[in-house]
Structure formats: C-alpha cells, structure tokens
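Chain residues, written in single-letter form:
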Amino acid sequence: MISIQNLQFHYPNSEFRLTVPEFAVSPGEKIAVVGPSGSGKTTLLNLLAGILTPKQGKVRVGEVAVSDLGDAGRRDFRISNIGFVFQDFELLDYLSILDNILHPYRITGALKLTSEVRQRAISLTEQMGIAEHLKKHPGKLSQGEKQRAAICRALLPNPDLILADEATGNLDPANKTRILDLLFKSVVDHDATLVAVTHDHELLPRFDRVVDFSDFQQGSGSEDTEETISPPPTPDPQPPTPNPQASP
Amino acid sequence: MKLTRLLILLVFLAIATQTFAAKRLSIYTVNYPLAYFAERIGGDQVTVTFPAPEDVDPAYWMPDQKTITAYQQADLILLNGANYAKWVDKVSLPRSKMVDTSSKFKDRYVNISEATTHTHGASGAHAHESLAFTTWLDFSLARLQAESIYIALARKRPMAEMAFKRNFQALADDLERLDTRIRAIVARDPGRALLGSHPVYDYLKHGYGMNLRSVHWEPDQAPSMSQWNDLKQILEEHRAEVMLWEGEPLADSASRLKEKGLGSKVFSPCGNRPEDGDFLSVMQQNATNLEQAFR
Amino acid sequence: MNSLYLAWQYIRFNKFKTIILVASITLIAVLPLSLEILLAESERQLLNRAESTPLLIGAKGSALDLAMNSLYFDDEVPELLTMAAADRVYDTDLALPIPLYVRFQTRGHPIVGTTFDYFDFRKLKIAKGQPLTMLGDCVLGAKVAAELELGPGDSLVSSPENLFDLAGVYPLKMKVVGVLTPNHSADDLAVFVDIKTAWIIQGLGHGHQDVTRTRDSSVILKRSEGNVAANAKLFHYTEITDENLDGFHFHGDTSIYPVSAVIAVPYDDKSGTLLRGRYLEGDESQQIILPAEVIDGLLQNIFRIRNVLDAVIALVGLATLLAIVLVFTLSLRLRQREIQTIFKLGCRKATISRMMMAEIVLILMFCAVLSSAALGVIDSNAEELVRRLFIG
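Residues numbered from 1 in each chain as written. Chains lettered and ligands numbered in written order. Predicted model: local features only at pLDDT ≥ 70, side-chain atom pairs only at ≥ 80, totals over all residues.

Next up on the list: the pairing of strand 2 (residues 46–49) of chain B. All names here are of chain B. The two faces of strand 2 differ: V46 and V48 on one face are buried, but T47 and T49 on the other face are not. Across four bridges, the pairing between strand 1 (residues 25–29) and strand 2 is parallel. Along strand 2, the bridge assignment pairs Y28 with T49. Handedness of the crossover joining strand 1 and strand 2 through helix 2 (residues 32–42): right-handed. (Buried ≥ 20, exposed ≤ 12 C-beta atoms within 10 Å, placed from the backbone. Helix = DSSP H or I, 4+ residues; strand = E, 2+ residues; numbered from the N terminus. Pairing = 2+ DSSP bridges. Right-handed = clockwise from strand over helix to strand, strands pointing away.)

This is the structure we're talking about:
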C-alpha cells in the first residue's frame, strides 16, 4: 500500500532532518508510529498525504507516486484516497455534524455530493452511534462523539489509506478504547490501511506493527508539533537520532 | 373631410366666443349709488348685486356669512371708502377684487363734527367713528367714484373698454349737470342757514359750501322732548328756515317744525335702492327740493 | 454554491459578528446617500416654495430671516413693517400686495395673518368647511388639523408671546371654520387668520361695550368734547362672536399697523422689474428680495457644509472600512486552523479564497438589501422627513 524509498526531508531554514531509507506498509495493515515528540511522526503523515514533498526520494501510496504529483494532483489524490483523523478532531464549529461529515464533498470538485453520499454519511453515523446528533453543532457533543464524527468524515470518501494523528490523544481511557475499536472496525469494513501516530503505549499491542520513529530522525532540529503547512514549522532544539532501517 | 373639420372648428369657436362674451362680470357693491354707477357703466357686460335688504341703512348693515362668501366670489367688489360699510373691516375680502372708489380723494374726506369718539386711557388713539361717508352727495366726488369704477371695469375687461368709456361719459355728464345745478342753487344765497335732520349731509355741506348744521332725528320717529329742546338751542344760533330730511317726515314732526318756522324738504341720500326711480331721478328730485328750500 | 453554503453557515453561526459587520457597512452606505436624498429634497422644497413667490418686501435687515419667516413661517420674526408698505405696492399699480403677519403661535403652530388673496396665490383649497369670512375665523393647514384633531366648528386659542406677557398680546379664542387640503408645504403646518384678526391678537384691535353710550361710569376715565376716554376696567372680549362682532374695532390708522412682510405679485415681468427699481434708493428703509435668489444662496451654503459633511462621512467611512478589513483579517487569522484543516483534507487554495470571498459577498448582499430598503424608505418619506427635520 505504502512504499517509501530513500526519503530525505527537511524544512527550510531548519536543522531538522528526516531520513527514511525504506518504509513500507501492506494493504490492510494497521501500523502504529511511535517516537518522541518532534521526531517527525506528523511530518511522515504529511509526506504520505502529499501535504509535504520530500527533497529526495519517493513516496508511493497504492499505485500513485504521490511525491511526483503537482499541488493540485496531490490535493485531489488526498481528498479522494486518504482519510485524516486529527487529535483535536478539527470539526468546524459553525457546521452541523452532518455538514462536517459532508465537508470534504463541499471543498473540492473531485468529490460529488449526491443523495447517495448523504445516505452513506447517515449510515456511517448510525454505525458510529451518533445518528441522533446530525443536526447539532460540535459544541454540543462529547469528546468521544466528536471523534466519531471526525472518523465518519475521514471514512465517507471510501479512502484506501487512513492517517490518524493522535486520534485518541484527547480522549479519556474508556473512550480511547471505544474509538480505537470503531476505527479498527471501520478500517476492516472499508478495506483500508491505517497508519496511526500515537503516544498511547497501552494501545500498541492492538496494532499489526509498531514503527519506532526515533530511528528515522537525523539532525538537530525537530518537527513542530503544531500543524503548520504554510509557513514551515520552527525547528526543535533537541538533536534527532537517525536510524535509516525500519523493520516491517 | 378637411372642409368638414374646418366647419366644426368654426362652429366650436363661435360657441366658445359666444360663451365667453355671454359671461358677465359679477360686481358686488356696498351701497346703491355704486350699484347704479356700475350698472350704468357696465351695461350688459356686468351683473351688479347690492345684497343689503331694502329696509336697512347699508352703512350699518352686517351681511351674513353666505352673503360674505358671495362677495368673496365676485369679480369686483366696489367699496365706498371713508369708513362706509364698517362690516368690511370685520370680514375677509380679497384685495385683488376690491375697488376703493374714493381712494383718489382721501384728502377730501370730511370728519363728522358732531360725532363722539372714544379712546383708551387719556392719550390713546381714536377709533374711526368720526368720518362722514355719504361721499356721493358731492357730485364732483361721485364723478370720481364713477371714474374709479370705469377704470376697474376696463382693466377687468379690456375688450369692452370703449363701451365702458361711452357709458361712463354719459354718467359723468349727468353727475356734472347735477353738480352744476346744486352749485347754482347754493350760489343764490351762500349763507342760507339750513338744518339737516341727520348728520348725512356733510359732503353736501362741504362740497357746495352750505351753511348747514345737523341734528340726529329719524324721519319715521317723533323727536323726544330733549331733542326739541336741543333744536331750540340750535335755532337760537343758527336761524334755519328749512330742515332737510332723509325721507318723508312724520306729519306731526313737520307741523311742529312749521310752528317753529321751519319747513321740511326731503333730500334723500339714496344709500339704498329707492322705491321709485333710480339714483339719478332721486338726486334730481333732491335738487328740485333744495331749490325750493333756497327760495 | 458550496462556498456560499459554507459561508452562509458561518455567518449564521457567528450572528453577533455578522450583525455588527452588516450594520457598520450598511450605515456607511446609507448615511451619505440618505443625506444626499434629504438634501436634494430640501433643495427641491425650499426652492419650489421660493420660486413660486415672485417678490418679497420687508424691512431692511436680514434677507434670509425675511424669506424664512415669510415662506416657511420660521420662529424668527424679522424687523416689522407697517401696512403702509402693502398700500405702497398697491398704489404703484404694478403688483398685488399680500401682507403677512407671522408672529404669533397657537399650540406650537404659527398663526399666519394675511388676506384672502393669499389662498388664491398659493392655490390653497378648502377640504372641509369654508374659507375665512369673519374676524376671529381661522383656517387650519391639513397637518395642523390632523395633529390637533380639530375641524370646522371647533375653537383654538392663541398662545401668549411669553409667560409674563403684559403688553396686550392676550389669548384670543378663534373659531375654526375650515381645513385646507394638503399642500405639501409649510402651509400644511400653519393656522391662517385674516390679518385683522392677527392685529386683534396683538391688541391693536379689540371689542368691548360702546363706551360712548354706556351708563357704567366706573369704566370711564374722562369725558370731553367729542371724546370719551375709557379706563383699564373696561372688559375686552376674548372671543369674537356673532353677538359682539359689531363691538370690534381698531384704533388709529391701520396703515401704521404692523406686518412682517409683503408678498408682491407683479402683474407682468415688466411690472416686477419696475417695482424692484423703486426700492433701490439709498435712503430706502425697506428691501425687496427675490426669494429664489436668497434661498438659492442659502442652499449654496448648505452645499458647502455638505462638502464638509461628505468629507467627514468619507473619513468615518474609511475608518469603518479599515476596521472591517481588520475584522476580516483577524477573522482569517482566527480561522487559520480551520484553513489548515481543510487544506490538509485536500482543499485547494483557490477554493479557500472562494470560501472567504463568499462570506464577504453574502455580507455585502445583506448590506445591499438593507441599504436599499432603508434608502427606499427614506426616499419615499423624504418630503415628510425634510419638513420635520429641516423646515419644521
């Protein structure tokens, strides 16, 4: 599903370096990516999603060399093939839950919002157990309910790859397990591949494989933990520990 | 087709002209002399209305609201001036239609010598009670009043000015003849003492230099004892032999006057419409009576 | 469409911010435009009234006060003339004089003393009742009648000039005999009386029992040859009725009675020119003005002030616009996270711009609708507003 070869990446005006000699994920695998803060985990997800492009090397998702696509191509690929689940849910306060779930279909011409899509969205919410909240705004929902809505949004375009960045980070222990269960089930049901960044070591055994990211980082900088696409993140003062080998 | 249209247009114009020509000027006056003058001068171009009832003195008459509205809607309102028709000061009339027929001889207005005025406080201005107003009894002034009417009519209907002028000339000649006749009568004995039964002969007196004093008697009322006493006192200074009356006096009054050596002659001011005749015939009769008084 | 939908949802959710933005922008748009409408209407009304008044004669002094008092029945009474000024015009045979005496008030409305000709001159028609006929009658402008709920048969009392009026301007009870049709001018707001009635209000004319014939010696100050002087005990009627009308009179020569102005209606253009020429002498105590010129001059001054107002509004508008730009910029900054999220989801930059623009478009659309509605209301009520706000 995912293939990275000789990838090198650094942010402009930053000493942070990410070097990934080889990284591969099989279709349907559920991978956990762990590592210290600033080690490049989120950077990796951004590279996989085509949000960032490597200075060197290739990133392939499925049959597509994402790193070779232009901006528009990467965006269209991303929205149609990759589902994102964020730590802070990233739901829009001013949209209802249903509108949040349908949001990807309103922000790109690559996806067409049809009645069938709406029906699928409602069906997803029923599966997630949040169907009665469709008309509410996110402010009225619990953390767990919000994350389930975010998962629905990520799953609605039927993506092949789901990237979860600390998806359970803001949840209480009971909800963490529940959400992970739902995420795993959805991934299985949709025949998708999951790459999840997590700090929760109790959850690691549930994944098919754990990748320790401290092996990949080089240089003295680090990624910014904040999601800054433009301008680039500020460098981390801790020196990284490079490990070019990543064992599947 | 064109000819038909032309004919229709001509007929229409004829009707319009007829209609226009047929519409008379509506003239309202405050007394009969002015009405007579307006009728004489205006002829068939005017409809003259003098609405005061026949049995009232127009100088003291007060028209009702309906009549005042009729005055407001007239084409011309002929006023006598000299404070005649005191009601004029108490109503709203359009100045654009008002003609003060005596405005050209305001300097010849006469104050009533026997009148009593009033003021407020010791030095206040007087109220206007003291002007004599029978201006038409001086026929030279009557001619000027007639001339004002002619000018007003000519301005209102310039197309008929020639007719108005002709009519005015005829009236003016009649008034001038009267004027000449009265002057000739008085000239026979300029100092002849006369009495007037009512203070309405001031313009006659001043206009023709008559030696005349007035009392305040009514022809249809018997004078009171005090009035007879006042007369007696007057006669001691003013040895008149004839009293001029506004109308035919009571037989008793006349005979008592006769006993005192005073004859009675009628000189009607003709402020209202006479029962018989018109203004001219009444004045001519007045002149005849005056002639007899000067014999 | 999606951009508009998302923008609409955003605006709906942030009602408070949206309302403030819409209100601010609408105000900036409406203020100068409505001012323009009102000023244009003021100009039209003022000029209309002035142009329909050929010549105005008054005492030498402020031409503007003369025009404003005579045309719009302004409170400021100019230097007074006498009725002789009207007689002077009449005697020239060049114009019809219409005297005005606008000095007194009744229940907040000006009492306009004039002559019967005024109504024909201004083409005023009677809607109810009848025109002025007797002393003491009054005819109401349409708005006065509506405001005071009066009609023919009712009465109205003139107001004293000041609280301790000891000079004889005593309240006169006037009889309402008619109501005029709406004229859409200052005439709608006035109470019309014959000028002689105005003089009675002032105390120059009055009614009382006949003192030359009274037997009540307590009202007599002094009797002399041909005159009776009455004292202050003599009761003056405060109302003119059919019964006491005969007792009303004026003292002295009415040609010296006061008027505030004389409208001169020339019989033709040449007469107007000739008449104006007669007031050019150096020692002339009266002035003759063309009201249209005076009001036009006033309006020029107003336009000068309007330029200042426009500049002030422009500055305020600029400041408001800058504030609005700041609000949008801050809003963008606050929404940075949202923008990053949707960018991460796969939204193009152009789409993000379109979404932000859609919000601005929607807000501007609301502003346009509100502004149009507000301006529509102002425009359709401009005549009334101008009368109330500027002319009074």
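Text resumes after the structure shown.
Moving on: the sheet that holds strand 6 (residues 82–85) of chain A. By definition, the strands of a sheet pair up through backbone hydrogen bonds, in either a parallel or an antiparallel sense. Residue and element names in this part refer to chain A. One open sheet holds the five strands; their spatial order is 6-7-8-3-9, and the pairing between them is parallel. Of all the strands in the sheet, just strand 6 and strand 9 (209–212) have a single pairing partner and so form its edges. Mean inter-strand twist for the sheet, computed between neighbouring axes without regard to direction, equals 20°. Note: strand 3 (residues 30–34) against strand 9, four bridges, orientation parallel. (Axes fitted to C-alpha atoms, helices over the stretch in contact; angles between N-to-C directions.)

Looking now at the packing of helix 4 (residues 139–156) of chain B against helix 5 (residues 161–188) of chain B. A pair of packed helices can be characterised by two numbers: the angle between their axes and the separation between those axes. All names here are of chain B. Where helix 4 contacts helix 5, the two axes come as close as 9 Å, and the packing angle between them is 175°. The angle between helix 4 and helix 5 falls in the class roughly antiparallel. In this structure, helix 4 contributes F139, S140, A142, R143, A146, E147, Y150, L153 and A154 to the contact, and helix 5 contributes E161, F164, K165, F168, L171, A172, L175, E176, L178, D179 and I182. Partitioned by chemical class, the residues of the contact of helix 4 with helix 5 number 13 nonpolar, one polar and six charged. (Parallel < 35°, antiparallel > 145°, perpendicular 65-115°, else oblique. Contact = placed C-beta atoms within 7 Å. Nonpolar A, V, L, I, M, F, W, Y, C, P; charged D, E, K, R; others polar.)

Residue and element names in this part refer to chain B. What the four strands build is an open sheet, ordered 2-1-3-4; its pairing is parallel. In the strand order of this sheet, the two ends are held by strand 2 and strand 4 (98–100), each with one partner. Between one strand axis and the next, the sheet turns by 25° as a mean value, whatever way the strands run. As judged from the three bridges shared by strand 1 and strand 3 (residues 76–79), these two strands associate in the parallel manner. Residue pairing for strand 3: T29 is matched across the bridge by L78.

Attention shifts here to the interface of chain A and chain C. Counting residues at the interface gives 19 residues for chain A, matched by 18 residues for chain C. Counting only elements with at least two residues in the side of chain A that touches chain C, the list comes to helix 2 (71–81) and helix 3 (97–106) of chain A. For the side of chain A that touches chain C, the element with the most residues is helix 2 of chain A, which contributes five residues. Tallied by class, the residues present in the side of chain A that touches chain C amount to 10 nonpolar, one polar and eight charged.

In short, shape yes, function no, at least from these values alone.
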